[in-house]
Amino acid sequence: MVEHFAVRGGARLSGSVDVIGAKNSVLKLMAASLLAEGRTTLENCPEILDVPLMADVLRSLGCTVAIEGATVHIDVPAEPGAEADYRSVSRLRASVCVLGPLVARCRRAVVPLPGGDAIGSRPLDMHQNGLRKLGATTDIVHGSVTASAGDLHGAQIWLDFPSVGATENILMAAVLAEGTTVIDNAAREPEIVDLCVMLQQMGAKLEGVGSSTLTVHGVTGLQPTTHRVIGDRIVGATWAFAAAMTRGEVTVRGVDPHHIDLVLDKLRSAGAEITVGEHEFSVAMAGRPQAVDFVTLPYPGFATDLQPMAIALSAVAEGTSMITENVFEARFRFVDEMIRLGADARTDGHHAVVRGRPELSSAPVWASDIRAGAGLVLAGLCARGTTEVWDVAHIDRGYPRFVDNLSALGADIRRVAGEPER
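Residues numbered from 1 in each chain as written. Predicted model: local features only at pLDDT ≥ 70, side-chain atom pairs only at ≥ 80, totals over all residues. Heavy atoms only, no water.

Under an unreviewed UniProt entry, the protein chain has the name UDP-N-acetylglucosamine 1-carboxyvinyltransferase and belongs to Pseudonocardia parietis. UniProt's Pathway (unreviewed entry) comment on the protein chain is quoted here verbatim: "Cell wall biogenesis; peptidoglycan biosynthesis." The Function (unreviewed entry) field of the UniProt record for the protein chain holds the comment "Cell wall formation. Adds enolpyruvyl to UDP-N-acetylglucosamine." (UniProt positions renumbered as here; feature names shortened; annotations may be inferred.)

A.B. asks: Where do I start with the overall build of the protein chain in this structure?
C.D. replies: Along the protein chain, the regular secondary structure elements total 14 helices and 25 strands. Against the globule reference of 22 Å for 422 residues, the protein chain gives a C-alpha radius of gyration of 21 Å, in line with a compact fold. Considered along the principal axes of its C-alpha atoms, the protein chain spans approximately 65 × 40 × 40 Å. Counting over 422 residues, the protein chain shows a buried share of 56%. Taking the contacts inside the protein chain whose residues are at least 6 apart along the sequence as the reference set, 73% of them involve residues at least 24 apart. (Helix = DSSP H or I, 4+ residues; strand = E, 2+ residues; numbered from the N terminus. Rg over C-alpha atoms; globule rule 2.2 N^0.38 Å. Buried < 20%, exposed > 50% of the residue type's maximum accessible area, 1.4 Å probe, protein only. Contact = heavy atoms within 4.5 Å.)

A.B. asks: Explain the pattern of salt bridges here, please?
C.D. replies: Side chains that differ in charge, positive against negative, can pair when their charged atoms come close. Applying the stated criterion to the full structure yields 17 salt bridges. The shortest N-O distance in the salt bridge between Asp-85 and Arg-87 comes to 3.8 Å. A salt bridge links Arg-401 to Asp-404, with the nearest nitrogen and oxygen atoms 3.9 Å apart. On the accessibility criterion, Arg-401 (55% relative accessible area) is exposed. Among the residues examined, Asp-404 registers a relative accessible area of 46% and is labelled partly exposed. One salt-bridge network, in which partners are shared between bridges, spans Glu-3, Asp-396 and Arg-415. (Salt bridge = Lys/Arg side-chain N within 4 Å of Asp/Glu carboxyl O.)

A.B. asks: Please clarify how the packing of aromatic side chains should be interpreted in this entry.
C.D. replies: Note on aromatic pairs: each is described by the distance of the centres and the angle between the planes. According to the stated counting rule, one finds six aromatic pairs in the structure shown. Ring centres of Trp-239 and Phe-402 lie 5.8 Å apart, and the angle between their planes is 25°; this geometry places the pair in the stacked category. Of this pair, Trp-239 sits in helix 8 (residues 233-245) while Phe-402 sits in helix 14 (residues 402-408), placing them 163 residues apart in sequence. By relative accessible area, Trp-239 is classed as buried at 2%. Residue classification places Phe-402 among the buried positions, given a relative accessible area of 2%. (Phe/Tyr/Trp six-rings, centres within 6.5 Å; stacked < 30°, edge-to-face > 60°.)

A.B. asks: Looking at this model, I keep getting lost on the sheet that holds strand 5 (residues 71-76). Mind explaining?
C.D. replies: Across a sheet, strands are paired by hydrogen bonds formed along the backbone, either parallel or antiparallel in direction. Judged by pairing direction, the sheet is mixed, and its four strands sit side by side in the order 4-5-3-13 without closing on themselves. In this open sheet, the two edge strands, each paired with only one partner strand, are strand 4 (64-68) and strand 13 (226-228). Here the strands of the sheet are splayed against their neighbours by 15° on average, with no regard to which way each runs. With three bridges joining them, strand 3 (residues 38-43) and strand 13 adopt parallel strand pairing. In the strand pairing of strand 13, Glu-43 is matched with Arg-228. Of the strands in this sheet, strand 3 and strand 13 are in contact with helix 7 (residues 190-201), which crosses strand 13 at around 160°. (Pairing = 2+ DSSP bridges. Axes fitted to C-alpha atoms, helices over the stretch in contact; angles between N-to-C directions.)

So, in structure tokens, the structure goes:
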């Protein structure tokens, strides 16, 4: 069934919202369960479409997966399959993270090139190069990444870019390799730390967790575990932007505020009053936001996943903002949809210049990825009339109970079935 969100602008968001586990963490933790025979249980999992999609990937490898609300139980056999099912993998970019665990456990893997969001090129060169350093042979054959290895051994690995996916795959392969592996220029995202914590609970020996240099001392085997997924910093930051854009007052619970320190600093510069607690924060904006510049960078820089929200905020801010995208080159396709809503925005290569307007105007718009969809909804909250946001399946992949949460904060938003009129 084709659905869209009907968003009526003008509401001031107010109240509190709870954030559950991180999408960018839970899928990798599910993959990591392949490293140990037996039952691994993940708690605080987000109820989003990507979780059952990843469950299908694991089932195609011989696992039994049970999803009970926010808890996921994964039973891994003694000999998991090494070839992931194309139909399952093709719907989910994060499914490529089974590559490392399969090479570690099975000494071979066949993983079809994954699908996911249309935000630009995300090649697997660093994934493959890292596995080769560990002793595997890898290639892309008939649309699949293939890897095989006799024995895996420790290695010194330098990443040209602190890729989250490459860091995760190399890390998960190295934990069962013989000897010591050092990953330099490793990604430092909180989701990487969450994966490391779970691997340590399983018996992995790691040093430098949270730094750009990860040292992995290989072990002969790991044990299943129970682990609680960290709160989703991207979802939490989305609510923070929503509060600022609608001149509202929102408390966000379930996220470590230090995971979005830079976001909160930017919102302070825009004029918001920020209050920080241990696992919660509040954002209050009394007047129109002031223009702020944004530059996306790997963590602890400003997350590329929040670039659409930065553009949406800039579109209604007082003054002119420059947004620089350094991670995914196709993310600016979102700007074309913002222009349909009346935004004064221009792009040139890696840069977007946005001149803020007091108000946007409603229009039908289409989401090209998870975060673009959320950004368009936030813009719709600041537009005259009713904005139709289409392709909302993208949003469902990253935001649990999105409409319910916005409605509870006072937004006028409905999920509507029906074909678009183009």
